[in-house]
Amino acid sequence: MTDFSMLRLAAEDGAISFARSFVKSDAFMQLFREGMGLVELTASYLDGDGRAESAALPREVSLTYATESMRLTTRLMQIASWLLVQRAVAEGEMTAEQARTEKNKVRIAEPMLQPTSAEAARLPERLRDLIGHSIRLQERIRHLENQMSEAPSPGAPLNPVRGQLASLQARLGMLS
């Protein structure tokens, strides 16, 4: 994406949506790779070292391990679904309306209750790290999702930057 194409921000009802243009950016692709990489890393851990680590835990901790690994898996599946839908829209494989329909099927959930610090401290460090990374990623995506779903209120003044961007685009020969 060129510097000039960054000026072509998605417009909706006269308001500029930075989040909607984000899914077509290099930054989104970095987020996508991070999310999908975390899915792969977690799957590898849970099927490998995590299995051995969980077998060595005391019974009461193994229940917490099972609960937290299920929560982690659920969170990552929601993240992966969201990322895949957004990428499909950005690549023209899905319309925005289809994405809204999918969004209603799979939502980025509210953060789940976390184990107490005493319970969490007894979990394997690698699982705790994966949980922490997934929660931070989920929060970033929830923030983006909130920005993307915000619609300008009726009668809201037009964004003053929009006119300036249109003028700049016209001067640079970048008419839409």
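Residues numbered from 1 in each chain as written. Predicted model: local features only at pLDDT ≥ 70, side-chain atom pairs only at ≥ 80, totals over all residues. Heavy atoms only, no water.

Peer 1: Mind laying out the overall build of the protein chain, listing which residues take part and the relevant values?
Peer 2: When its secondary structure is counted, the protein chain shows eight helices and two strands. When the helices and strands of the protein chain are read in sequence order from the N terminus, they spell out β-β-α-α-α-α-α-α-α-α. Across the 176 residues that make up the protein chain, the buried fraction comes to 32%. Sequence-distant contacts, at least 24 apart, represent 80% of the contacts inside the protein chain between residues at least 6 apart. Within the structure as shown, the protein chain displays about 10,900 Å² of accessible surface, and the carbon and sulfur contribution to it stands at 56%. (Helix = DSSP H or I, 4+ residues; strand = E, 2+ residues; numbered from the N terminus. Buried < 20%, exposed > 50% of the residue type's maximum accessible area, 1.4 Å probe, protein only. Contact = heavy atoms within 4.5 Å. Areas by Shrake-Rupley, 256 points an atom, 1.4 Å probe, with all protein chains shown as cover.)

Peer 1: Outline the side chain of serine 69, supporting the account with residue identities and numerical values.
Peer 2: The topology assignment puts serine 69 in helix H4 (residues 59-90). There is a polar contact of 3.0 Å between the side chain of serine 69 and the backbone oxygen of alanine 66. (Polar contact = N/O pair within 3.5 Å; in protein donor to acceptor, adjacent residues only side chain to side chain.)

Peer 1: Go over the pattern of salt bridges, please, and point to the residues and values.
Peer 2: Under the criterion given, the structure shown has six salt bridges. Between glutamate 60 and arginine 122 there is a salt bridge, with its nearest N and O atoms 3.1 Å apart. Of this pair, glutamate 60 sits in helix H4 while arginine 122 sits in the loop between helix H6 (117-121) and helix H7 (125-149); the two residues are 62 residues apart in sequence, bridging distant segments of the chain. Classification of arginine 122 by relative accessible area gives partly exposed; the value is 43%. Between glutamate 139 and arginine 142 there is a salt bridge; the shortest N-O distance is 3.8 Å. You can see glutamate 139 and its partner arginine 142 sitting in helix H7, three residues apart, about one turn around the helix. A relative accessible area of 35% places glutamate 139 in the partly exposed class. Residue arginine 142 is classed as buried on the basis of its relative accessible area, which comes to 17%. (Salt bridge = Lys/Arg side-chain N within 4 Å of Asp/Glu carboxyl O.)

Peer 1: Talk me through the confidence of the model for the protein chain; I want residue IDs and the actual numbers.
Peer 2: For the protein chain, the mean per-residue pLDDT works out to 78, and 65% of the residues sit at or above 70. The lowest-confidence element of the protein chain is strand E1 (residues 10-12), averaging 41 in pLDDT; the highest-confidence one is helix H3 (residues 49-55), averaging 96. Contacts for the low-pLDDT stretch residues 1-16, under 50 throughout, to residues beyond four places or in other chains number 37 contacts. Across residues 152-156 the pLDDT falls below 50, and counting only partners more than four positions away or on other chains, this stretch makes three contacts in the model. (pLDDT = per-residue confidence, 0-100.)

Peer 1: Could you give an account of the packing of aromatic side chains, naming the residues involved and the relevant values?
Peer 2: Applying the stated criterion to the full structure yields one aromatic pair. Residues phenylalanine 28 and phenylalanine 32 carry aromatic rings whose centres are separated by 6.3 Å and whose planes lie at 45 degrees to one another, so their mutual orientation is tilted. Linking phenylalanine 28 with phenylalanine 32, this pair stays in helix H2 (residues 26-47), spanning four residues, or about one helical turn. The two residues phenylalanine 28 and phenylalanine 32 agree in class, both being buried. (Phe/Tyr/Trp six-rings, centres within 6.5 Å; stacked < 30°, edge-to-face > 60°.)

Peer 1: Which residues make up the environment of leucine 137, and what are the values?
Peer 2: Among the secondary structure elements, leucine 137 is positioned in helix H7. The exposure class assigned to leucine 137 is buried, which follows from its relative accessible area of 0%. When near neighbours in sequence (up to four residues on either side) are disregarded, leucine 137 contacts Leu31, Glu34, Gly35, Leu38 and Ile79.

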